[in-house]
Amino acid sequence: MNDQLSDPRGNHLEYRESLVSSLRHDLVGPTVDDPDEIRNELLRESPLQIYGAGILFPQKLPQNILEDADADSSTEEDAEGSDSGDEEAGVPEFNESRNRSGSGSDAVPEEPALNLANQYSPSALGITFRTRRNAKFELTINFATYKTNKLEEPHPRAGQTRADGSPYPQSRTSYSYQRVPHTHTIDVPPAGDSSERISVPVPETDERLSINYVIRPRGDDVVISAMAVNENISTNDRGDPEAAFFQVELTVTAQDDEPVFLPIDRASGTSDNDEIESQELLYRHRRSFCLGHGCAGDWARDDEEEGSGSTTSVFSSVLPLYEVFPIQPRTRSFGGKELNLSMMHLAFGDGKDEQGNRTSIITALNELCDDYEAWIGETEQTAVGLEPRLQNAADRHIGSCRRCLERMREGVKILSDTGKAEALIAFRLSNLGMLMQQIHNGLPARESESPFPEFPEGYNDPSRRWRPFQLAFVLMNIACIDDEDHDDRALVDLIWFPTGGGKTEAYLGVAAFTILMRRLKN
């Protein structure tokens, strides 16, 4: 199914949404929010050949059967000139006598439901979540089945003759597949005093689809796994769309929309892995409330609720989506004072005299270092109130910040050293080069055979500014660029910042300074 894509020249958010919607419909199929004509679609090809995600197959159905099923569901016209005399060749065979599992003890699969999400073609998908023990909530399952209809239609080559001289028949048999959407709400069983497994048949499926719960009490909380399981057992060697369930989605919602779902991503205690400890510290306000099995786990996203450690609903997602919002680096100082990070100022100074130029440039750089030191001081105060398990990582991060500050101040000291005049010259020229590049990049594109654009005289544009982290990165590397034997030459510095934040510009600033220093010194 292909959605109509919006015009990419219009609203880029709408275009992005249309791309996502088209991808979902192509991979998964219709959704509960689609209009009726889409939700009740009629296909002329097997949905097993059209859709590839969100499907629960009969248990123990090997993957190669699905790969070969296309030939089984094709009509004679699709065979591209096959001269077989069997007019019913390629017609899928359906075994109406399916093996079904009931809710009794004899019906429990040999493998746990969680494993069915990863074996053969997946027969189960589900989510695991943690909640308060006395919470009340319900599970909603959305899915679709496809009813196979046998059709007799005129043969497209009726009246023509095959290569062997025999005539094509007047009609042929083909198949259509009618989608039937289903939505059912099922109460989640309350937790007892011990772990238990409960299987609940989904209504109107003749016990061919069930919800298997694994309930594990954990003190005042309870961890629940809810798995949708296709109880059909594969009995033939062809993929049967009527034995599969499509577009399967699970949603668990608390009564009265109370935020009863708790984080499930972290264990208590500390870790001996520095990277894990660092991630725990940096993302302490971003928690996971749901784990997926054969799919992704997702939840209602509300910054205030997530920050307080709870959410109102959890659900499965076979095509997980997450919007990463742009991060805007701050431009003002931590204390509110305006930082003079203009590339023009760092290239030319205040314009009074040469000594004044040097002084104003060094003053601006020292103010940046002072501002960073103030931020470190307040961050240290914040770290005092952190959980004990986060203290080691906080101390290590603050120590790294202090080391970065030392390197920044060392860089400023070299620039202010009159005995190393080439360092400040290279720094000012690199700022001029970055300023020119920014201004040139903003000029209109030149067409073929058109005149060159006019470049501004003097490049007098104070609005072209460094972001604080960019200039800090340049200052951190000045000492090791100046001294080939500096200890920092053993370090590899990488800027951790989202796409579009200005990492490349910071790297170019260091590259420009390096090139000019080599030119001036050699």
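Please refer to the structure placed before this passage.
Within each chain, residues carry numbers counting from 1 in the order of the written sequence. With the structure being a predicted model, the display of local features is reserved for residues of pLDDT at least 70 and the display and counting of side-chain atom pairs for 80 or more, all residues being used for whole-chain, interface and lining totals. Hydrogens and water are ignored here; the side-chain numbers use all heavy atoms of the structure.

A. Structural view of the overall build of the protein. In DSSP terms, a helix is any run of H or I states spanning at least four residues, a strand is any run of E spanning at least two, and both are numbered starting from the N terminus. Each helix and strand counted, the protein has twelve helices and twelve strands in total. Residue contacts are counted whenever heavy atoms from the two residues lie within 4.5 Å of one another. Taking as baseline every contact in the protein between residues at least 6 positions apart, the subset at least 24 positions apart corresponds to 70%. What sets the accessible areas is the Shrake-Rupley method with a 1.4 Å probe; for residues, cover comes only from the shown protein chains. Total accessible area on the protein is roughly 28,500 Å²; 49% of this is exposed by carbon and sulfur atoms.

B. Looking closely at the layout of surface pockets. The distinction between a cavity and a pocket rests on a 1 Å grid over the protein atoms alone: a 1.4 Å probe fits inside a cavity but cannot get out, while a pocket stays open yet meets protein on both sides within 12 Å along at least five of seven lines, and a residue with an atom within 4 Å of a point counts as lining. Grid points are joined across faces, edges and corners, and a volume is the space filled by probe spheres set on the points. When its volume is computed, the second largest pocket comes out at roughly 470 Å³. What lines the second largest pocket is a set of 20 residues, and nearest its centre among them are Arg 24, Thr 31, Asp 33, Glu 249 and Leu 321. Elements with a contribution of two residues or more to the lining of the second largest pocket: helix H1 (12-27), strand E8 (246-254) and strand E12 (313-317). Element by element, the count of residues in the lining of the second largest pocket is highest for H1, at five residues.

C. Representation of helix H12 (residues 503-521) in the model. To estimate the expected span of a helix, count its residues, drop one, and scale the result by 1.5 Å. Along its 19 residues, H12 runs 27 Å from first to last C-alpha, staying within 8% of the 27 Å computed at 1.5 Å per residue. Where the residues of H12 are buried, they touch helix H7 (343-348), helix H9 (388-416), helix H10 (421-441) and helix H11 (468-482).

D. Focus on the nonpolar core. Ranked by size, the top nonpolar core spans 49 residues in total, and within it Leu 365, Leu 415, Phe 427 and Leu 475 carry the most contacts. Contributions of two or more residues to this core are made by H7, helix H8 (354-384), H9, H10, H11 and H12. A total of ten residues in this core trace back to one element, the largest contributor, which is H9. Among all residues touching Leu 475, those that are not within four sequence positions of it are Leu 365, Leu 368, Arg 407, Met 408, Gly 411, Val 412, Leu 415 and Phe 427. In these notes, a set of buried Ala, Val, Leu, Ile, Met, Phe, Trp, Tyr and Cys residues joined through side-chain atoms within 4.5 Å is what counts as a nonpolar core. Working definition: with a 1.4 Å probe on protein chains only, accessible area under 20% of the residue-type maximum means buried, over 50% means exposed, and in between means partly exposed. Phe 129, Ala 228, Phe 245 and Val 252 belong to the second-largest nonpolar core, a separate cluster that totals 32 residues.

E. Up close: the pairing of strand E6 (residues 209-218). Where burial is concerned, most of E6 is hidden: eight out of the ten residues are buried. Any two strands with at least two DSSP-identified bridges between them are counted as paired. Alignment of E6 against strand E7 (residues 221-230), held across ten bridges, turns out to be antiparallel. Bridging from a neighbouring strand, Arg 218 pairs with Asp 221 of E7. Taken together, E6 and the strand that follows it, E7, pair antiparallel across an intervening segment of two residues, in which Gly 219 is found at a positive phi of about 65 degrees.

F. Seen up close, the packing of aromatic side chains. Here the aromatic set is Phe, Tyr and Trp, taking the six-membered ring for Trp, and pairing holds for ring centres within 6.5 Å; pairs whose planes are under 30 degrees apart are stacked, those over 60 apart are edge-to-face, and all others are tilted. Scanning all chains against the criterion turns up nine aromatic pairs. Taken together, a centroid distance of 5.0 Å and an interplanar angle of 85 degrees make the contact between Tyr 146 and Phe 246 edge-to-face. In this pair, Tyr 146 is assigned in strand E3 (residues 137-154) and Phe 246 in strand E8, connecting sequence segments 100 residues apart. Take Tyr 146: its relative accessible area is 1%, and that puts it in the buried class. Relative to Trp 299, the ring of Phe 289 lies with its centre 5.8 Å away and its plane at 70 degrees, an arrangement referred to as edge-to-face. Taken together, the positions of Phe 289 in the loop between helix H5 (274-282) and strand E10 (291-293) and Trp 299 in strand E11 (residues 296-299) put the pair ten residues apart, joining distant regions of the chain. Accessibility assignment for this pair places Phe 289 and Trp 299 in one class, buried. Through a chain of ring-to-ring contacts, three or more aromatic side chains come together here, namely Phe 129, Phe 137 and Phe 261. For a Lys NZ or an Arg CZ to count as sitting over a ring, it must be within 6 Å of the ring centre and within 35 degrees of the ring normal. Residue placement shows Arg 301 over the ring face of Trp 299; its charged tip is 4.4 Å from the ring centre.

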